[in-house]
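Coordinates in review
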Amino acid sequence: MPRYDFRCRACGSTFEVTRPMAASGDPAACPEGHDDTVRLLSTVAVTGNAGAPAGGGGGGCCGGGCCS
């Protein structure tokens, strides 16, 4: 289940709420009991090269420059 970050406008605390994606826009009260909160934009870092093609390209005879 995804986690969403919120910040309380009253006290400035930042907190996480775990809830289904269908409820991502629902309001959340801060742990101190304040209701004036805003959901923060989260960033995700993805690393790796799963989408990168393997090998040097080649291309067969016509891609390799052997055609006259």
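Residues numbered from 1 in each chain as written. Predicted model: local features only at pLDDT ≥ 70, side-chain atom pairs only at ≥ 80, totals over all residues. Heavy atoms only, no water.

1. Quick notes on the side chain of Ser24
Convention followed: The helix and strand labels rest on DSSP assignments: H or I over at least four residues marks a helix, E over at least two residues marks a strand, and numbering proceeds from the N terminus. Only protein chains enter the accessibility calculation, which uses a 1.4 Å probe. A residue is then buried if its area is under 20% of the maximum for its type, exposed if over 50%, and partly exposed in between. Any pair of residues with heavy atoms lying within 4.5 Å of one another is described as a contacting pair.
With respect to the helices and strands, Ser24 occurs in the loop between strand 2 (14-18) and strand 3 (37-39). Using a relative accessible area of 18% as the deciding quantity, one classes Ser24 as buried. If we skip the residues at most four places from it in the chain, Ser24 touches Tyr4, Arg19 and Arg39.

2. Thoughts on the pairing of strand 2
Short version of the rule: Should DSSP find at least two bridges between two strands, the strands are regarded as paired.
What you see with strand 2 is a clean split: Phe15 and Val17 sit on the buried side and Thr14, Glu16 and Thr18 on the side with no burial. Looking at chain direction, strand 1 (residues 3-8) and strand 2 are connected through 5 bridges and run antiparallel. Residue pairing for strand 2: Asp5 is matched across the bridge by Glu16. Here strand 1 hands over to strand 2 after 5 residues, with Gly12 in that stretch at a positive phi of 85 degrees.

3. Section: the pattern of salt bridges
Selection criterion: Just to be clear on terms, a salt bridge is a Lys or Arg side-chain nitrogen sitting within 4 Å of an Asp or Glu carboxyl oxygen.
Enumeration over the complete set of coordinates arrives at 1 salt bridge. Note that Arg9 and Asp36 form a salt bridge whose closest N and O atoms lie 3.6 Å from each other. Of this pair, Arg9 sits in the loop between strand 1 and strand 2 while Asp36 sits in the loop between strand 2 and strand 3, and the two are 27 residues apart along the sequence. Accessibility expressed as a relative area gives 51% for Arg9, which makes it exposed.

4. Describing the environment of Pro31
As for its placement among the helices and strands, Pro31 is situated in the loop between strand 2 and strand 3. Exposure remark for Pro31: the relative accessible area of 63% places this residue in the exposed category. Along the primary structure Pro31 and Phe15 are separated by 16 residues, whereas in three dimensions their C-alpha atoms are 7.7 Å apart.

Just distances and angles here, no functional claims.
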